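# Remarks on the overall topology
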Amino acid sequence: MANYFSLILVVLTLVTGLVWLVDSLVFAPKRKARLQAAATAGGVSYGEDPQLPYLVDTSQQIFPVIAFVLVLRSFLYEPFQIPSGSMMPTLLVGDFILVEKFAYGVKDPVFRSKIIETGVPERGDVVVFKYPEEPSVDYIKRVIGLPGDTIVYQNKQVYIKPKCDTGNNCAKLKAVPLTFQERGEFVQDMAQLMRYTEDLGDVKHDILRHPVREISPVNFYTQPGTRSNEWIVPENQYFVLGDNRDNSRDSRFWGFVPDENLVGKAVAIWISFEFERNASDFLPSWVPTGVRFERVGGID
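## Describing helix 2 (residues 54-76)
- Helix length check: helix 2 (23 residues) gives 32 Å between terminal C-alpha atoms against 33 Å at 1.5 Å per residue, within 8%.
- Maximal helix bending in helix 2 amounts to about 35°, located at I62; proline P64 follows within four positions.
- Of the positions making up helix 2, those classed as buried are V56, S59, I66, A67, L70, R73 and S74.

Next up, the structure:
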């Protein structure tokens, strides 16, 4: 849907801008000349231009607005809504976030070809990307593995062996440190989820674990040459996980995120709504039941 909206914005910007430009260069001077000739023949002074044609007038009014929106959402910031709980507790259903579009490169809004290099994802970044198995769908997850890293997921624990270019004194595979925080704030399938703080080095963030649910490695994406729960991140690709580890479809199941699929970095929650209506309520379910102002701010 976002791709179609970008295409519509580009087409409208081009059409309205072209109408305004052609009128200014071709038709406006002719209208002015006819008005001056009529005024001279009637022996009166030249007055104001007659009313603009409807198409030209409309184009002049909406072109600046459309062009501003196009530049804003294509190259600067774009709003997204969180539709699922795969990133709990960091992001909740009903959060509306801002995504920094230029964080990982400036791309054209239609073909998404990178025009300018501005940076690459870092471990711990929360990123929005085109789902590799269905590029028309936007996903949001956290970057865990960088190009060249070895990632292992075993017994709900993430292990990372960073890329080693030299081949000497390379870091060994190590478990990502976890600190238990609490249990019971979030409930899923009638089970109280356990909350931990995960330390990725420069980024510390909270994750959730289901106390009972186990995901068999046979369901994981199998990379040729590795075990069923082990992955070596290819160049220009990234390994991502949801913070709600037992309720997230992520790189464990479908593989890696290519650099060209990256949309941007999630940087802030600008508003957060609660949607807790019963089926018997008069108002539809998409009407918010409250606003969570305490959630407005940056994303860890």
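So much for the structure itself; the text now carries on.
## Focus on the sheet that holds strand 7 (residues 150-154)
- A sheet is described by the order of its strands in space; here four strands give the open sequence 9-8-7-13, paired in antiparallel fashion. On the outer flanks of this sheet lie strand 9 (174-175) and strand 13 (230-232), each paired with one strand and no other.
- Where strand 8 (residues 157-161) meets strand 9, two bridges bridge the pair, whose relative direction is antiparallel. Bridge pairing links I160 to K174 in strand 9.

## Focus on the side chain of D23
- Position of D23 relative to the elements: it lies in helix 1 (residues 2-41).
- Contacts of D23, omitting those with residues within four sequence positions, involve A28, P29, R31, V56 and Q60.

## Re the pairing of strand 16 (residues 262-274)
- Two strands pair when backbone bridges link them, and strand 2 (residues 95-100) and strand 16 are joined in this way by six bridges, in the antiparallel orientation. Within strand 16, the position partnered with I97 by the bridge is I269.
- The sheet contact formed by strand 5 (residues 126-130) and strand 16 spans three bridges and is antiparallel. What sits directly across from V128, in strand 16, is G264.
- Bridge count for strand 16 against strand 18 (residues 297-298) is two bridges, and the pairing is antiparallel.

Conventions and cut-offs
- Sequence positions are assigned chain by chain, starting from 1 and proceeding in written order.
- Only residues with pLDDT of at least 70 get local features here, since the model is predicted, and only at 80 or more are side-chain atom pairs given and counted; chain-wide, interface and lining totals rely on the full set of residues.
- Based on all heavy atoms of the structure, the side-chain values leave hydrogens and waters out of the count.
- Counting from the N terminus, the helices are DSSP H or I runs at least four residues long and the strands are E runs at least two residues long.
- Each helix should span, by expectation, one fewer than its residue count multiplied by 1.5 Å.
- Throughout, the bend at a residue refers to the angle made by two axes, fitted to the seven residues ending there and to the seven starting there.
- Accessibility here uses a 1.4 Å probe with only protein chains present; expressed as a share of the type maximum, an area under 20% marks a residue as buried, one over 50% as exposed, and anything in between as partly exposed.
- For two strands to pair, DSSP has to find at least two bridges joining them.
- Throughout, a contact is declared for two residues whenever any of their heavy atoms are within 4.5 Å.

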